[in-house]
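# Coordinate inspection notes
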Amino acid sequence: MPESYQNFVPPHPRFPLATFPSPLERAWRLEVALREEGCVAVPRIYLKRDDLLSLGMGGNKIRNLEFSIGQALAEGATDVFTAGRPQSNHCRLTAAACARASLRAHIVLTGEPPSRMTGNLLLDEMVGAKLYWTGSDDRALRDTWVRSLAGTFTSLGRRAYTIPVGGSDARGALGHALAALELVRQCEAIGEMPSAVVLATATGGTQAGMLVGFRKLDVPIAILGFAVAKSASELRDTVSRIAAEVAREIDAPPLAIDSVDIDDTMLGEGYGIASAAGDAAALMLARTEGVFADPVYTGKGLAGFLAAVRAGRFADAESVVFLHTGGTPALFADPHQPTT
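Let me sum up the structure you'll find in this document.

### Points about helix α5 (residues 119-126)
Note: α-helices contain 3.6 residues per turn, so residues at a spacing of three or four share the same orientation. When α5 is considered as a whole, its buried residues turn out to be Gly119, Asn120, Leu121, Leu123 and Asp124. Where α5 is buried, its residues meet α4 (89-101), β4 (104-109) and β5 (130-133). Downstream of α5 by a residue or two, Gly128 has a phi angle that is positive, lying close to 95°.

Here is the structure:
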């Protein structure tokens, strides 16, 4: 296995935003609860706690942003533009990363401003981001706003840098290729080699980067993504495209399309809309491990993982990692709370 960052990913501009690695924790009580339900087989379950990364209340998008902000600084940017939904974790962490890097953050959000800022929106404002509201749920309009604002600031003599929604491009996904290396090292240190990593997937960069990282390391770890924003077929194309670009960047073998495993059975009514399964999964994690998950993103991914265990997808002899991608601040904004 490569011994250093330089040997694994060719040099790219990178701005340090957090302390790595994020913790890897055995979910003993969750395993017990699943056995008590009568599950035929329960693998050893580990939680990869990217929610505990040290910037801006944590989240996996910090890994993308080290490379995106690094590139922005390399280009002499003064202002960074991105977009998302009102409780976007990516937007919250972009705003926090910009504060750390002395850049101005401009965040374009769908819909209308609420009467009271809560959750991620409150944190966006606390770190000094400028928020813009499109007044519509039209994603294309949101992208148009980003381009227009970046152009306006450029005409005023500022230097604009644009980060795509979710930070999910090949540059950002490099951070998740490194996450694959980080996870394998952690697992080797405790004598484990998981058969799979399970995660929630929305814009595809995390899944793409980790797939390529495992491919370059030549380790037999599959990734099962549970879609929380788009259909499986639509997202599979996105993950495949980003993965192909990352593979070229880090000189990894190409991926076959059938290695992109995405399940959309937990999507429910769509992105940002809670589901009974997500609620139940978030409660089960909280009440067994004392770990919190938002019900509309990480919670839906966790619901998919629990459903897979209950369906007998994993054997007792296996170990599986669930990637906690963060998003906890959204719990303090959602009027729907996962309680009984």
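### Observations concerning the pairing of strand β2 (residues 44-49)
Remark: a regular strand shows side chains that alternate across the two faces of the sheet. Burial of β2 is extensive: five of the six residues sit out of reach of the surface. The pairing of strand β1 (residues 24-26) with β2 spans three bridges and is antiparallel. Bridge pairing in β2 links Glu25 to Leu47. Pairing analysis gives six bridges linking β2 to strand β10 (residues 319-324), with the strands arranged parallel. Across the sheet, residue Tyr46 finds its bridge partner in β10, namely Val321.

### Digging into the pattern of salt bridges
Following the criterion strictly, the structure yields 13 salt bridges and no others. A salt bridge links Arg14 to Glu66; the shortest N-O distance between them is 2.8 Å. Pair noted here: Arg14 is in the loop between α1 (5-8) and β1 and Glu66 is in helix α3 (residues 61-74), with a separation of 52 residues, a long-range link. Overall, Arg14 belongs to the partly exposed group, its relative accessible area being 36%. The buried category is assigned to Glu66, whose relative accessible area is 2%.

### Points about the state of the cysteines
Evaluation of the coordinates by the stated rule reveals zero disulfides. With no disulfide of its own, Cys98 lies closest to Cys91 among cysteine sulfurs, the gap being 11 Å.

### Digging into the pairing of β10
Among the six residues of β10, six are classified as buried, and the element is accordingly described as predominantly covered. As judged from the three bridges shared by strand β7 (residues 196-201) and β10, these two strands associate in the parallel manner. Across the sheet, residue Ala196 finds its bridge partner in β10, namely Val320.

### Structural notes on the sheet that holds strand β9 (residues 261-263)
Taken in spatial order, the six strands make up an open sheet running β1-β2-β10-β7-β8-β9, and their pairing is mixed. Each edge of the open sheet is held by one strand with a lone partner, namely β1 and β9. Ignoring strand direction, the axes of neighbouring strands in this sheet form an average angle of 25°. Strands β1 and β2 of the sheet are contacted by helix α2 (residues 28-37), whose axis makes an angle of about 140° with β2.

### A few points about the nonpolar core
Leu183, Val197, Phe214, Val246 and Ile250 are the most contacted members of the largest nonpolar core, which has 40 residues in total. For this core, the secondary-structure elements that each account for two or more residues are α7 (170-189), β7, α8 (205-217), β8 (222-227), α9 (232-250) and β10. When residues of this core are assigned to their parent elements, the largest contribution, ten residues, is made by α7. The contact partners of Ile250, leaving out residues within four places of it in the chain, are Phe8, Val9, Pro10, Leu174, Ala177, Val212 and Lys216.

### A closer look at the packing of aromatic side chains
Counting across every chain of the model gives three aromatic pairs. Look at Phe305 and Phe314: their rings are 6.0 Å apart centre to centre, the planes differ by 50°, and that puts the pair in the tilted class. Note on Phe305 and Phe322: the rings are 6.1 Å apart at their centroids and 20° apart in plane angle, and the pair reads as stacked. Note that Phe305 is positioned in helix α11 (residues 298-310) and Phe322 in strand β10, a separation of 17 residues in sequence. Judged on exposure class, the residue Phe305 and its partner Phe322 are both buried. Put simply, the rings of Phe305, Phe314 and Phe322 touch in pairs and so form one group of aromatic residues. Directly above the aromatic system of Trp28 lies the positively charged group of Arg26, at a separation of 3.7 Å from the ring centroid. Here the guanidinium or amino end of Lys130 rests over the ring plane of Tyr132, the centre of that ring lying 5.7 Å away.

Parameters and conventions
- Residues numbered from 1 in each chain as written.
- Predicted model: local features only at pLDDT ≥ 70, side-chain atom pairs only at ≥ 80, totals over all residues.
- Heavy atoms only, no water.
- Buried < 20%, exposed > 50% of the residue type's maximum accessible area, 1.4 Å probe, protein only.
- Helix = DSSP H or I, 4+ residues; strand = E, 2+ residues; numbered from the N terminus.
- Contact = heavy atoms within 4.5 Å.
- Pairing = 2+ DSSP bridges.
- Salt bridge = Lys/Arg side-chain N within 4 Å of Asp/Glu carboxyl O.
- Disulfide = S-S within 2.5 Å.
- Axes fitted to C-alpha atoms, helices over the stretch in contact; angles between N-to-C directions.
- Core = buried A, V, L, I, M, F, W, Y, C linked by side-chain atoms within 4.5 Å.
- Phe/Tyr/Trp six-rings, centres within 6.5 Å; stacked < 30°, edge-to-face > 60°.
- Lys NZ or Arg CZ within 6 Å of the ring centre and 35° of its normal.

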